[in-house]
Amino acid sequence: MNDSPASSPAIEVKNLVKAFGTFYALRNLSLQIAAGECVAIFGPNGAGKTTFLRLLSAISRPTSGEIFINGQSLSEAALSIYRQLGVIGHQSFLYEDLTAEENLLFYARLYDVPRPSNRIDEVLSEVGLRERAKDRVRTFSRGMQQRLTIARAMLHHPSLLFLDEPYTGLDQHAASRLTSWLSQLRSERRTILLVTHDLEQGLMLADRVVIFLRGQLAWEKPAGEIDRHAWRRLYFDLIAGAEPRHGGEA
Amino acid sequence: MSALRQLAVLVWKDLLAEFRTKEMLSSMLMFALIVVVVFNFTFDPGSRATQEAGPGILWVAFTFAGMLGLHRSLVHEVERGCLHGLMLAPVDRGIIFLGKATGNAIFIFLIELPTFLLFSIFFNIDFWKGLDKLAAIFFLGTIGFAAVGTLLSAISVNTRTREIMLPILLFPIEVPVILSAVNATAGALAGQNWSEIGGWLKILAGFDLIFLLVCFVTFEYVLEE
């Protein structure tokens, strides 16, 4: 599934800086994510999490620094990297006046998915929307749209997944389906980058936890080494005003 | 997947979405027809003033109605983050530009036909004699208008004053297209032959070629923040 050479990490970010005028959204951020690893990124609003994902998706251009995905430079090999990438962002990327099936067919054709009709049936069944395939997205609830967004992101079997607040708008049933789906993706050794405000959910899913503060990587630790009872308190202590630091006790 | 097939997929999506609601086409057509009807009450059909002002009236209707479409087509992409969805697809961003510009050009063509028909009836114009020339003028003028318009609407759509920004940016750049199209249309309606309107057509074709190329190359930078 992963095309990366054994030696190169799935994602490697070197000295990433993103400035909007005089405001620095990201400051000299470096991070490596191994192939098959699931990393949860936490941080308060404005910490630079979404900006980070936008830079990794080449929706936005960094002010300086380099990004490598599966050993390829994002600035040089963006098109081949996009084929390996599935993104669930704050917005659905769905056309409201097209049906669920037409939306998926559109993206399937752009991604050159073989036998698109079969694959569309498959992903719609996975997210429980097969019965609504012919309905316009405009008629879907927020939760159904989010499920269709997940189907869209999975359509081309991406090896890397960037998820920005994927639980937004989901009811409990849909949220638990998403969790089991993410667990399945982890077991398939796909690389997952998850941005979330849900501390428990993120910690449960991730192999490693990263906290961003003021555009910097402030803290990181393998999820298995974090004391789940002290985790919430540690997080809030950290964002309450601690200076950026690496490691720390939890 | 070939670039041509990707282009076809992008255009298919735009046409499908628009023909389902007809939101954009109906407002564009209504606007263009209103312009022709209003001017019909100002000028006497068949008078010299009508002959002189007619081509200008026609292109005012086309360009202003076209601008409504240009604006809406990019707003639809931005509203649900679909533009980001396109940017994340393995499609060259120049192809995304060509897809959007082709869709926009088709919509403008579609409103040009009934508008011109109504214009011919109201202003008592025998359009059959210059139909081939008019088709060439409308084609070249629309391509140039849609190409620059698509790029500039992608720029303006991310600004706070996007409704105002598009015409402010668009019309100064489109002056060569509008002037050439108006003069060529006047010539064609007056029964001039190909060689007499050839100069204007060359300007239109040159503008189209240059701006298609410039927009194709620069669209990537316009999309990225």
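Residues numbered from 1 in each chain as written. Chains lettered and ligands numbered in written order. Predicted model: local features only at pLDDT ≥ 70, side-chain atom pairs only at ≥ 80, totals over all residues.

A. Inspection of the overall build of chain A at higher detail. Helices and strands together make up the secondary structure of chain A, namely eight helices and ten strands. In terms of overall dimensions, chain A is globule-like: its C-alpha atoms have a radius of gyration of 18 Å, near the 18 Å expected for 250 residues. Along the three orthogonal principal directions, the C-alpha set of chain A runs to about 55 × 40 × 40 Å. The buried share of chain A, reckoned over its 250 residues, is 46%. The contacts in chain A between residues at least 6 apart in sequence include a share of 69% that link residues at least 24 apart. (Helix = DSSP H or I, 4+ residues; strand = E, 2+ residues; numbered from the N terminus. Rg over C-alpha atoms; globule rule 2.2 N^0.38 Å. Buried ≥ 20, exposed ≤ 12 C-beta atoms within 10 Å, placed from the backbone. Contact = placed C-beta atoms within 7 Å.)

B. Spatial organisation of the pairing of strand β8 (residues 191–195) of chain A. Residues and elements named next belong to chain A. Where burial is concerned, most of β8 is hidden: five out of the five residues are buried. Covered by surrounding structure in β8 are T191, L193 and V195 together with I192 and L194, the residues of both alternating faces. Looking at chain direction, strand β3 (residues 38–42) and β8 are connected through four bridges and run parallel. The partner of V39 across the bridge, within β8, is L193. Bridge analysis of strand β7 (residues 160–164) against β8 gives five bridges, and the strand direction is parallel. Directly across from L163, in β8, lies its bridge partner L194. Crossover connection from β7 via helix α6 (residues 172–187) to parallel β8: handedness right-handed. (Pairing = 2+ DSSP bridges. Right-handed = clockwise from strand over helix to strand, strands pointing away.)

C. Representation of the pairing of strand β9 (residues 208–213) of chain A within the structure. Residues and elements named next belong to chain A. For β9, a buried count of five out of six residues is recorded, marking the element as mostly surrounded by other parts of the structure. When β3 meets β9, the two strands line up parallel, connected through four bridges. Bridge pairing in β9 places I41 opposite V210. Pairing geometry for β9 and strand β10 (residues 216–222), over six bridges, is antiparallel. Bridge pairing in β10 places L213 opposite Q216.

D. Structural view of the interface of chain A and chain B. Listed as interface residues are 25 residues of chain A and, on the opposing side, 21 residues of chain B. Put simply, the parts of the chain that give the side of chain A that touches chain B at least two residues each are α2 (78–82), β6 (85–88) and α3 (100–110) of chain A. Sorting elements by how many residues they give to the side of chain A that touches chain B places α3(A) first, with five residues. A breakdown of the residues in the side of chain A that touches chain B according to their chemical character gives 13 nonpolar, five polar and seven charged. (Nonpolar A, V, L, I, M, F, W, Y, C, P; charged D, E, K, R; others polar.)

E. Focus on the sheet that holds strand β2 (residues 23–33) of chain A. Residues and elements named next belong to chain A. Strands sit in the order β2-β1-β4-β5 across an open sheet of four strands; the sheet is antiparallel. Each end of this open sheet is capped by a strand with a single partner; those strands are β2 and β5 (72–73). Summarising the sheet, strand β1 (residues 11–20) and strand β4 (residues 64–69) pair through five bridges and their orientation is antiparallel. Within the sheet, the bridge partner assigned to V13 lies in β4 and is I67.

F. Fine view of helix α1 (residues 3–21) of chain B. With 19 residues, α1(B) ought to run about 27 Å at 1.5 Å a step, and its terminal C-alpha atoms sit 28 Å apart, in line with that. Residues B:Q6, B:V9, B:L10, B:K13, B:D14, B:A17 and B:E18 constitute the buried set of α1(B). For α1(B), the arc enclosing every buried residue in end-on projection is 155°, short of the 170-degree limit, so these residues lie on one face. Facing away from the buried surface of α1(B) by more than 90 degrees, the exposed residues are B:L4 and B:F19. Looking at the buried positions of α1(B), the neighbouring elements they touch are α3 of chain A together with α2 (23–42), α3 (48–79) and α5 (93–122) of chain B. (Expected span 1.5 Å × (residues − 1). Arc of directions from axis to C-beta.)

G. Highlighting the confidence of the model for chain B. Within chain B, residue pLDDT values average 91, and 99% of them lie at 70 or more. Interface confidence for the predicted complex, expressed as ipTM, amounts to 0.90; the pTM equals 0.88. (pLDDT = per-residue confidence, 0-100.)

H. Highlighting the packing of α2(B) against α5(B). All names here are of chain B. Running from N to C, α2 and α5 cross one another at 25°; their axes reach a closest spacing of 9 Å. In this view, α2 runs roughly parallel relative to α5, as classed from their interaxial angle. Relative to α5, the crossing made by α2 is right-handed. For the pair α2 and α5, the contacting residues are M24, L25, M28, L29, A32, L33, V36 and N40 in the first and F107, L110, I111, P114, T115, L118, F119 and F122 in the second. (Axes fitted to C-alpha atoms, helices over the stretch in contact; angles between N-to-C directions. Parallel < 35°, antiparallel > 145°, perpendicular 65-115°, else oblique. Left-handed = near helix turned anticlockwise from the far one by under 90°.)

I. Spotlight on helix α8 (residues 194–223) of chain B. Residue and element names in this part refer to chain B. V217 marks where α8 bends most, by close to 40°. Along α8, the positions that sit buried rather than exposed are I197, W200, L201, L204, F207, D208, F211, L212, C215 and F219. Elements that come into contact with the buried residues of α8 comprise α5, α6 (131–156) and α7 (162–189). (Bend = angle between axes of the 7 residues up to and from the residue.)

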